[in-house]
Number of protein chains: 2
Amino acid sequence: MLFCGNYKSVLDFVARQVFDKLRKFVSIIEPKATEAMETKIRNMEDFAKASGISRPTISKYFNDPNAVRNTTRERIEQALETYDYRPNIFAMNQNRKLTRNIGVVVPSLADPFFAEIARNVERRCIDAGYQPTLYSAHGNRDQEVEILDSLRSLKPAGLLIAPLGRSSDKAMIEKFSQKVPTVLFDSYLPDIGLSFGGSDNFQFGRLIVDYLCRTGTPPCFFEMQNPSNPNANKRRQGYIAAMEALGHTPQVVSVTGEGWNFEEIGRNGGLEVIDSDGFPSDTVLCSNDRLAIGLISACFARKIPVGFESDSAIRIAGMDDHPFSRFTCPPLTTISQDYEAISKHAVETLFGNLEGDEITDKVVLFEGNLIMRKSA
Amino acid sequence: MLFCGNYKSVLDFVARQVFDKLRKFVSIIEPKATEAMETKIRNMEDFAKASGISRPTISKYFNDPNAVRNTTRERIEQALETYDYRPNIFAMNQNRKLTRNIGVVVPSLADPFFAEIARNVERRCIDAGYQPTLYSAHGNRDQEVEILDSLRSLKPAGLLIAPLGRSSDKAMIEKFSQKVPTVLFDSYLPDIGLSFGGSDNFQFGRLIVDYLCRTGTPPCFFEMQNPSNPNANKRRQGYIAAMEALGHTPQVVSVTGEGWNFEEIGRNGGLEVIDSDGFPSDTVLCSNDRLAIGLISACFARKIPVGFESDSAIRIAGMDDHPFSRFTCPPLTTISQDYEAISKHAVETLFGNLEGDEITDKVVLFEGNLIMRKSA
DNA sequence: ACCAAAATTTTACGCGCGGAAACTTTGTAG
DNA sequence: CTACAAAGTTTCCGCGCGTAAAATTTTGGT
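Residues numbered from 1 in each chain as written. Chains lettered and ligands numbered in written order. Predicted model: local features only at pLDDT ≥ 70, side-chain atom pairs only at ≥ 80, totals over all residues. Heavy atoms only, no water.

**What about the overall build of chain A?**
And then number 1: From N to C terminus, chain A includes 14 helices and twelve strands.
And then number 2: Across the 376 residues that make up chain A, the buried fraction comes to 50%.
And then number 3: In chain A, of all internal contacts separated by at least 6 residues, the share reaching a separation of at least 24 is 70%.
And then number 4: Carbon and sulfur atoms make up 50% of the accessible area of chain A, which amounts to about 18200 Å² in all. (Helix = DSSP H or I, 4+ residues; strand = E, 2+ residues; numbered from the N terminus. Buried < 20%, exposed > 50% of the residue type's maximum accessible area, 1.4 Å probe, protein only. Contact = heavy atoms within 4.5 Å. Areas by Shrake-Rupley, 256 points an atom, 1.4 Å probe, with all protein chains shown as cover.)

**Quick notes on the relation of the copies chain B and chain A**
And then number 1: Superposition record for chain B on chain A: RMSD 0.1 Å, screw rotation 180 degrees, translation along axis 0.0 Å. The relationship between the two copies is best expressed as a two-fold rotation axis. No C-alpha of chain B lies nearer the rotation axis than that of F90 of chain B, which sits 2.3 Å from it. (Least-squares fit on C-alpha atoms with pLDDT ≥ 70 in both.)

**What about the packing of aromatic side chains?**
Residues and elements named next belong to chain A.
And then number 1: Applying the stated criterion across every chain yields a total of 24 aromatic pairs over all chains.
And then number 2: A ring pair is formed by F222 and F279, whose centres lie 5.5 Å apart and whose planes are at 75 degrees; its orientation type is edge-to-face. Of this pair, F222 sits in strand β6 (residues 220-224) while F279 is found in the loop between α12 (262-275) and β8 (283-286), placing the two residues 57 residues apart along the sequence.
And then number 3: Among the residues examined, F279 registers a relative accessible area of 13% and is labelled buried.
And then number 4: Members of the aromatic cluster, each reached through a chain of ring pairs, are F113, F114, W260, F262 and Y339.
And then number 5: Residue placement shows R100 over the ring face of Y130; its charged tip is 4.3 Å from the ring centre. (Phe/Tyr/Trp six-rings, centres within 6.5 Å; stacked < 30°, edge-to-face > 60°. Lys NZ or Arg CZ within 6 Å of the ring centre and 35° of its normal.)

**Quick look at the interface of chain B and chain A**
And then number 1: Each partner contributes to the interface: chain B provides 44 residues, whereas chain A provides 45 residues.
And then number 2: When chain B packs against chain A, the two sides together hide about 4100 Å² of surface, and 61% of this comes from carbon and sulfur.
And then number 3: Among the residues chain B hides against chain A, the three largest losses belong to F90, F324 and F327 of chain B. Together they make up 20% of the total.
And then number 4: Taken together, chain B and chain A are joined by eight salt bridges. (Buried area = accessible area lost by both parts, 1.4 Å probe. Salt bridge = Lys/Arg side-chain N within 4 Å of Asp/Glu carboxyl O.)

**Some words on the sheet that holds β6 of chain A**
Residues and elements named next belong to chain A.
And then number 1: Pairing in this open sheet of four strands is parallel, and the strands run β7-β6-β8-β9 from one edge to the other. For this open sheet the edge positions go to β7 (252-255) and β9 (315-317), each flanked by a neighbour on one side alone. Put simply, the sheet's adjacent strands are angled 25 degrees from each other on average, direction ignored.
And then number 2: Running over the sheet, helix α13 (residues 289-301) touches β6, β8 and β9 and is turned about 160 degrees from β9. (Pairing = 2+ DSSP bridges. Axes fitted to C-alpha atoms, helices over the stretch in contact; angles between N-to-C directions.)

**Considering the protein's contact with DNA strand C**
And then number 1: Not every one of the 26 residues close to DNA strand C is listed here, only the nearest: T72 and N95 of chain A together with M44, S59 and Y85 of chain B.
And then number 2: A distance of 3.0 Å separates a phosphate oxygen of DNA strand C from a polar backbone atom of R69 of chain A.
And then number 3: For the surface near DNA strand C, the secondary structure elements donating two or more residues are α4 (55-63) and α6 (89-95) of chain A together with α4 (55-63) and α6 (89-95) of chain B.
And then number 4: If you tally residues by element for the surface near DNA strand C, the top one is α6 of chain B, at four residues.
And then number 5: Here the residues of the surface near DNA strand C are counted per class, giving nine nonpolar, twelve polar and five charged. (Near = heavy atom within 4 Å. Polar contact = N/O pair within 3.5 Å; in protein donor to acceptor, adjacent residues only side chain to side chain. Nonpolar A, V, L, I, M, F, W, Y, C, P; charged D, E, K, R; others polar.)

**Points about a nonpolar patch on the surface**
And then number 1: Taken together, the side chains of Y188, V363 and L365 of chain A define a hydrophobic patch exposed on the protein surface, amounting to about 240 Å² of accessible area.
And then number 2: Position of Y188 of chain A among the secondary structure elements: in the loop between β4 (182-185) and β5 (195-199). (Patch = residues over 30% accessible without salt bridge, like charges linked within 9 Å, V, L, I, M, F, W, Y side chains within 5 Å.)

**Some remarks on helix α3 (residues 44-51) of chain B**
Residue and element names in this part refer to chain B.
And then number 1: Burial in α3 covers these residues: M44, F47, A48 and S51. Buried positions in α3, seen along its axis, are confined to an arc of 105 degrees and lie on one side of it.
And then number 2: Structurally, α3 contributes buried residues whose contacts are with α4 and α5 (70-83).
And then number 3: For α3, the side-chain oxygen to backbone nitrogen distance between the N-cap and E45 is 3.1 Å, and the N-cap itself is N43.
And then number 4: The first or second residue beyond α3 is G52, which carries a positive phi of 70 degrees. (Arc of directions from axis to C-beta.)

**So, unusual backbone geometry**
And then number 1: For the peptide bond that leads from C329 of chain A to P330 of chain A, omega is -5 degrees, which places it in the cis range.
And then number 2: Here the phi dihedral of D320 of chain A falls at roughly 140 degrees; this positive angle occurs in a residue that is not glycine.
And then number 3: Positionally, D320 of chain A belongs in the loop between β9 and β10 (334-336).
And then number 4: Judged by relative accessible area, D320 of chain A falls into the buried class, the value being 10%.
And then number 5: You will see that D84 of chain B, though not glycine, has its phi angle at about 40 degrees, which is positive.
And then number 6: The residue D84 of chain B is located in the loop between α5 and α6 in this model.
And then number 7: With a relative accessible area of 48%, D84 of chain B lands in the partly exposed category.

**Details of the sheet that holds strand β6 (residues 220-224) of chain B**
All names here are of chain B.
And then number 1: With parallel pairing, the four strands of this open sheet are ordered in space as β7-β6-β8-β9. A strand with exactly one partner marks an edge of an open sheet, and here the two such strands are β7 (252-255) and β9 (315-317). Across the sheet, the axes of successive neighbouring strands diverge by a mean angle of 25 degrees, strand direction being ignored.
And then number 2: Here β6 runs beside β7; their pairing, made up of four bridges, is parallel. Its bridge partner lying in β7, F221 is registered against V252.
And then number 3: Docked against the sheet, helix α11 (residues 230-245) engages β6, β7 and β8 (283-286), running at close to 170 degrees with respect to β6.
And then number 4: Each of β6 and β7 is contacted by helix α12 (residues 262-275), which is oriented at about 130 degrees to β6, the strand it contacts most.

**A look at the environment of E146 of chain B**
And then number 1: Residue placement: E146 of chain B occurs in helix α8 (residues 141-152).
And then number 2: Residue classification places E146 of chain B among the partly exposed residues on the basis of a relative accessible area of 39%.
And then number 3: Not counting the four nearest positions on each side in its chain, E146 of chain B is found in contact with R123 and I126 of chain A.

**A closer look at the pairing of strand β4 (residues 182-185) of chain B**
Regular strands place side chains that alternate from one sheet face to the opposite one.
Residues and elements named next belong to chain B.
And then number 1: Neither face of β4 is open: one carries T182 and L184, the other V183 and F185, and all of them are buried.
And then number 2: Summarising the sheet, strand β3 (residues 158-161) and β4 pair through three bridges and their orientation is parallel. Directly across from L159, in β4, lies its bridge partner T182.
And then number 3: What joins β3 to β4 is helix α9 (residues 170-179), and the crossover it makes is right-handed. (Right-handed = clockwise from strand over helix to strand, strands pointing away.)

**Notes on the pattern of salt bridges**
And then number 1: All chains considered together, the criterion is met by 28 salt bridges over all chains.
And then number 2: D84 of chain A is the partner of R152 of chain B in a salt bridge, and the nearest nitrogen-oxygen pair spans 3.8 Å. Here the residue R152 of chain B occupies a position in helix α8, and D84 of chain A occupies one in the loop between α5 (70-83) and α6, the pair thus bridging two chains.
And then number 3: Where D321 of chain A meets R373 of chain A, a salt bridge forms, and the shortest distance between an N and an O atom there is 3.0 Å. With a gap of 52 residues between them, D321 of chain A in the loop between β9 and β10 and R373 of chain A in the segment after β12 (369-371) connect regions that are remote in the sequence.

Rendered as structure tokens:
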């Protein structure tokens, strides 16, 4: 017999011959083989040895499975199933300039709206092969700063942040965004980050004012005096513009209150208004659903029937399509935010940029949809 | 002049003399000094050099600030302010057997109850000098498994988990808890983890049944047919025991529904019951507040007035003191869970154990308080 | 069957820190 | 002042992996 070819193919050939000869003993051999498999894989080197592939190649595979040849990838993935090895993420991230960590920051997780959008964003990050870590500023400027501060040491590949808004430390966020690719969502901060994606809050006003005027008395606008969220201002402006376009006089009712307990503020503010002069219109458009929930609660307390039916005394509408707004009494008419579109924009813009795409739009606004329920 | 003492004290002496001579130039020197300070501290070695303390001591300080002498700690902390260096957490955790990472896992962040308790737990971890990372299983068994799986690679010092409950992969959690100190909260899994702390759901039933019976018709019990959370069973049992103790016949109304959309389930189930035979009592105790919110919504849809007043047709009570339950129409009478006590127990038990304390109680139950509002 | 291009292997170094060992300085007590 | 334990310093090694360069092998197409 003549051996031709490189030593590897010769070895392959010999190995196959030997294995065929030994096949009848396979039942005896196998227990030993599994025993050998049990030898703990402690690091990439062990795994490389066990899988018969060099460590640098394994390393390449974990950084990008497509960076290795198909056949190699298959061999690695097969070995991976056998030995269930996973690289030490601390050692990985130590030398890598760019980790696959993504910081996800929202102003308040106690607000189901943000909980929902955070969930959506999180899922998308994981699906894209990144590792999101979720943070909530709990409505607090210092905590937002603290989060960014501790985020630095995670060397994140990117940041997806819904800023607190007015109370954010904009300089801090801007500084951070210059080091780490950052995409904003929900709440806009001028000239910060790669891009911003959120709802067209101005359009919200037009949409719902049109509807409310078409079906009854033109609405007044119910809001917090010093809204922490810039969206509230856009919404007020949208309301005013829409009213004026229709030839009505805008009427804004501002109530005091600090912080993020919007339901509480809406309720207390509502009670105050009701107990003094009352609302200037029998239709109240609230700056957001949570205020509306509080206001509905206040109306109930004062036995004022809410709804669009003839036996009702007041119509109330909100904005956001908060997860709970369909369970208020009556269910809340509102404008839905496009959760999916917003989270999709944020994630895809960030990852697109990380992979070299150009940013096409600095600001992307998504339209809301009118959700008609019983309250207005 | 004669120099006596070791070379360090001599140097110190000389340095002080030199410095005093140069004091008048301090305004000239300082810019240079700050310039020197700007020399980027890239690692612990640089920082050690800059602060004039050896690297191993710096290392000790970061692992436990109390492990170094007071004067040394002050010097380090002063240098820390000057140079704002922070150790590379990846390099730190690579060699340390025990990180300061704490995994915090809740079944669903979209539920404000868990959002709230998670916030509480998070805060306590940070205050204790640990680094919590928050995860939500989103009501999904696979995601819970996935979280624990990816948590492994973070080498967490401990795990604080509110399991999904019935649908949890108990074997997985148990296996995990044998490697990582684990404390359960909210939802009990027998014989898993160091300790469990949660509400005494059995007592909830007694408390509210007593109240409802004292003030009106004995309640029926409204629940999901296959509650994913074991607390629901305890609550039913508590209801039944309390009713029997008072000589009443317990009546349980179970509605179908899967998942974590409790409001939806409560609403649909409520509509179904109302539209067929109606509830067996004019007082309905709901297994949790979210079901109650759904039921109130159903009653409103059918124009059934809810409340304890004479013009009402049905009384509804819940359990949890959900953040929104005070804004329902009418505000929901319920049993409050002791968020503070539960999170405190979880955190303190875990950290106590990490620092060598013995576990005193495997199971700790906290009593709820009756929150009387208008709904019952 | 041959050859250039692509992929893999070999070899070697470094990241930033933890931690051990042997030694020196410091603080405190007798 | 001496003695001694505690704290700090020096020196060294290793963790698990990224990454670069050079050598080698494999691949795909002619």
